[in-house]
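Each chain is listed here by its residues.
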Amino acid sequence: MTDYLANAIAIRRELHTKPEPGWMEFFTTARIVKELESLGWTVHLGTSQIGLDQVMGRSEKLVEENIARARKEGVSDKMLKRMEGYTGCIAEWKTDKPGKVTALRFDIDCVGVEETDDPGHKPNANGFRSCHKGFMHACGHDGHTAIGLTVARWVKDHADELKGTIKLIFQPAEEGVRGGAAQAASGLLDDVDYILGSHLALMCKSGIICPNPQDVLATTKFDVSYTGKPAHPTMSPELGRDALACLCTTVCELRAMTPHGKGMSRVNIGKIEAGEFRNVVPAHGTMQLEVRGATGEINDYMADQALRIIKGTALAYDVQYDVVKAGEASSMSNDEELIDLVTEVAKKVPGVTQVIREMSMGGSEDYTMLANRVQAHGGKSDFFIIGSDRPGAHHQKNFDIDEKSLGIGFEIYKGCLEKLNK
Ligand SMILES: [Zn+2]
C-alpha cells in the first residue's frame, strides 16, 4: 500500500529546496516529468503545451540564466532540449474504457521572497529550506505540485478501475497570472469535460474547505515604456522630449481613473523607473501596472481607460510609447455540478471539519484562463480552497503550510476522480 500522504510530503519538501519563479521552473519541470514518465503518463512538454502567442511576462535573458542553473543542478541536456525553453507540462492518462475527460491543474512556481533564517521555521528545523537565494515557495505551490504528483501515482495504482481520460496540468508562472492563458491556448484542454483546481491555505485554517470562493478578480497587467529624446536641460531643452515627466503625469492620471459603478475596480502602479543623468532631459521611462475588476466587463473598462491615458500622455509629451500585456486572469465562475461534487466528496474526507460553500478570497488566479477555455467548449469547472494552518501570510518570509492539508487535498482530488472517472 502506498502511503500517499508521505509521498506528498517528501515531494513537497524536495521542491521547497529548489523554488523557481514563473517561466524559470526548469528544475521543477524536469522533476515533475521524471516522476510522471516513471509512472507511465504521456507528457506534453515544451511548445506542444503552450500557445506561444499567449505567453506573457517571460524574459529570454532570465530563461537562459535559469537553464544554466538547472543544468548545474543536474537536469540533463536531453531534458532541457525537450522543454524548448518553456516550463510546465500537461500529462495525459488514457484508460482503455470510454468515459469523461477530467483535467486537474497544479501550479508550480515560487515567489521572490528570501526565506526567514528563524531556526523555528519548519523548513529550517527540518533541513529543507530554499537553497535559491531570494526565492521561496511562499505561496504553497510546492504543496500543489506535490498533491498533483501524488494524484498521478494514485491514478497509476488504480488504473484498472478507471475509465475515460485524466489530464494533469502542471502550470508555470501563476504568480503575476502569466502562464494560464498560454497553456489554455495550447488546445490540449479543448476536449476536457471537467476541470478542477485549488489553492492551499489562503484564508482558511486546516480542515476547512471552500468549494466556491468569491471575489476572485479579473485582472490585466501591463508593462509600459516611454521613449523621449535626451537634450541639455538649459542650453537646448526644446530639443528634448521628457519621458520622466510623461511617466509622472501618467501615474497621476491612472490614479484618477473613474471607477465602475457595478462592482469593485482597482488600479495599481507597482513600479516606475525613469531618467539617465541629473543634467539630461530624461529619455526613458518604464512602468509596471495592473488593473482589476469584479467582472471581466469591469476589468476591460479599467484596462481601456488605462490604455487611453498611456497613449494620451505620450501624445501630449511627444514621446514614443510601447505597451506589453504582462499577465491576465478573468473572474471566476464555478459550475454548480462541480461545486456540489467537491462539497460531497470533501465532507467525507478524514480531517475535513467544515465545508463552507462561499467565502471571500480576493486576489486573482489565472486558473480562470484554463477554466474559461474548458467552459467555452462546454466543459465544467470548479476551483476550491484547501485550508491550511500557517504561521505567516502568503508571500511572507515565514510562510509555511500544515503538511497534513496535502493529504486532504489529495483525498479530495482522488474522491472527485472516483466519482467522475470510475
Ligand atoms: Zn499562490
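Calculation notes
Residues numbered from 1 in each chain as written. Predicted model: local features only at pLDDT ≥ 70, side-chain atom pairs only at ≥ 80, totals over all residues. Heavy atoms only, no water. Helix = DSSP H or I, 4+ residues; strand = E, 2+ residues; numbered from the N terminus. Rg over C-alpha atoms; globule rule 2.2 N^0.38 Å. Buried < 20%, exposed > 50% of the residue type's maximum accessible area, 1.4 Å probe, protein only. Disulfide = S-S within 2.5 Å. Domains from an automatic or database assignment. Contact = heavy atoms within 4.5 Å. Buried area = accessible area lost by both parts, 1.4 Å probe. Pairing = 2+ DSSP bridges. Axes fitted to C-alpha atoms, helices over the stretch in contact; angles between N-to-C directions. Donors = N, O, S within 2.8 Å, 3.2 Å for Na, K, Ca; no water. 1 Å grid on protein atoms, 1.4 Å probe; cavity = no way out; pocket = protein on both sides within 12 Å on 5 of 7 lines; lining within 4 Å. Points joined across faces, edges and corners; volume = space filled by probe spheres on them. Nonpolar A, V, L, I, M, F, W, Y, C, P; charged D, E, K, R; others polar. Core = buried A, V, L, I, M, F, W, Y, C linked by side-chain atoms within 4.5 Å. Parallel < 35°, antiparallel > 145°, perpendicular 65-115°, else oblique. Left-handed = near helix turned anticlockwise from the far one by under 90°. Expected span 1.5 Å × (residues − 1). Arc of directions from axis to C-beta. Polar contact = N/O pair within 3.5 Å; in protein donor to acceptor, adjacent residues only side chain to side chain.

Peer 1: What is the right way to look at the overall build of the protein in this model?
Peer 2: Check the secondary structure of the protein and you find twelve helices and twelve strands. Against the 2.2 N^0.38 benchmark of 22 Å for 422 residues, the protein shows a C-alpha radius of gyration of 23 Å, consistent with a compact globule. By principal-axis analysis of the C-alpha atoms, the protein measures approximately 80 × 50 × 40 Å. In the protein, which comprises 422 residues, the proportion classed as buried is 56%.

Peer 1: Can you help me understand the state of the cysteines in this one?
Peer 2: Applying the stated rule across the entire model yields zero disulfides. Cysteine Cys131 shares no disulfide, and the gap to the nearest cysteine sulfur, in Cys110, comes to 11 Å. Here Cys210 stays unpaired: no disulfide links it, and the sulfur of Cys204, its closest cysteine neighbor, is 6.3 Å away.

Peer 1: I keep staring at the domain arrangement of the protein and nothing clicks. Help me out?
Peer 2: Domains assigned within the protein are domain 1 (4-214 + 334-420) and domain 2 (218-328). In this structure, domain 1 and domain 2 have C-alpha centres spaced 34 Å apart. Contacts between the two partners involve nine residues from domain 1 and, on the opposite side, seven residues from domain 2. Taken together, both faces of the contact between domain 1 and domain 2 bury some 620 Å²; the carbon and sulfur share is 56%.

Peer 1: Is there a simple way to think about the sheet that holds strand E1 (residues 42-44) in this case?
Peer 2: Sheet strands pair via backbone hydrogen bonds, and the direction of the pair is either parallel or antiparallel. The strand order across the open sheet formed by eight strands is E1-E2-E4-E3-E5-E12-E6-E11, and the pairing between neighbours is mixed. Across the chains shown, the open sheet's two edge strands, defined by having one partner strand only, are E1 and strand E11 (354-355). One ladder, built from two bridges, connects strand E6 (residues 208-210) with E11; its direction is parallel. Paired with Ile209 across the strands is Val355, a residue of E11. Strand contacts of helix H6 (residues 141-157): strand E2 (89-94), strand E3 (101-107), strand E4 (165-171), strand E5 (194-200) and strand E12 (380-386), with the helix running at about 150° to E3, the strand carrying the most contacts.

Peer 1: What is the right way to read the coordination of the zinc ion from this model?
Peer 2: Every protein donor of the zinc ion is listed here as Cys139 (SG), His141 (NE2) and His199 (NE2), and their distances to the metal cover 2.2 to 2.3 Å. Read in sequence order, the donor residues for the zinc ion give the motif C-x1-H-x57-H. The exposure class of Cys139 is buried, given its relative accessible area of 8%. In this structure His141 comes out as buried when scored by relative accessible area, which is 0%.

Peer 1: I'm lost on the layout of surface pockets in this one. Help?
Peer 2: To find leftover empty space, one rolls a probe the size of a water molecule over the atoms. For the largest pocket, the calculated volume is near 1200 Å³. As for the largest pocket, its lining consists of 44 residues, of which Glu175, Gly176, Val177, Arg178 and Lys221 are closest to the centre. Looking at the lining of the largest pocket, the elements that each hand over two or more residues are helix H3 (60-72), strand E7 (218-227), strand E8 (265-274), strand E9 (284-293) and strand E10 (320-329). Here the residues of the lining of the largest pocket are counted per class, giving 17 nonpolar, 15 polar and twelve charged. The residue makeup of the lining of the largest pocket includes at least three contributed by each of domain 1 (4-214 + 334-420) and domain 2 (218-328). In this structure, the second largest pocket encloses a volume near 160 Å³. As for the second largest pocket, its lining consists of 13 residues, of which Pro213, Gln214, Asp215, Val216 and Met332 are closest to the centre. Among the residues making up the lining of the second largest pocket, the classes are represented as seven nonpolar, five polar and one charged.

Peer 1: Please clarify how the nonpolar core should be interpreted in this entry.
Peer 2: For soluble globular proteins, nonpolar side chains are generally found buried alongside one another. Of all hydrophobic cores here, the largest spans 73 residues; its most connected members are Leu36, Trp41, Leu168 and Ile412. In terms of residues, this core owes the most to one element, helix H12 (residues 404-420), which gives eight residues. Beyond its immediate chain neighbours, meaning those up to four positions away, Ile412 contacts Ile209, Val342, Val345, Ala346, Val349 and Phe384. Core analysis: the next-biggest nonpolar cluster, separate from the first, contains 23 residues, Leu202, Met361, Leu370 and Ile385 among them.

Peer 1: Would you explain the packing of H6 against H12 in this entry?
Peer 2: Packed helices, taken two at a time, are described by the angle between their axes plus the distance between the axes. Taken N-terminus to C-terminus, the directions of H6 and H12 make an angle of 45°; their axes are 9 Å apart at the nearest point. The angle between the axes of H6 and H12 places the two elements in the oblique class. Pair H6 / H12 crosses with right-handed handedness. Listed contacts from H12 to Gly143, Ile147, Thr150, Val151, Trp154 and Val155 of H6 are Leu406, Gly409, Phe410, Tyr413, Lys414, Leu417 and Glu418. Its residues placed into classes, the contact of H6 with H12 shows eight nonpolar, three polar and two charged.

Peer 1: What exactly am I supposed to notice about helix H8 (residues 243-255) here?
Peer 2: A turn of α-helix holds 3.6 residues, and therefore any two residues three or four places apart point the same way. Taking 1.5 Å of rise per residue, 13 residues should cover 18 Å, and H8 covers 18 Å from first to last C-alpha, within 8% of that figure. Regarding H8, the residues found buried are Ala243, Cys246, Leu247, Thr250, Val251 and Leu254. Burial along H8 is one-sided: seen end-on, the buried residues are contained in an arc of 140°. Opposite the packed face of H8, turned more than 90 degrees from it, sit the exposed residues Cys252 and Arg255. Two or three places before Leu244, at the start of H8, stands the capping residue Asp242, its side-chain oxygen 3.0 Å from that residue's backbone nitrogen.

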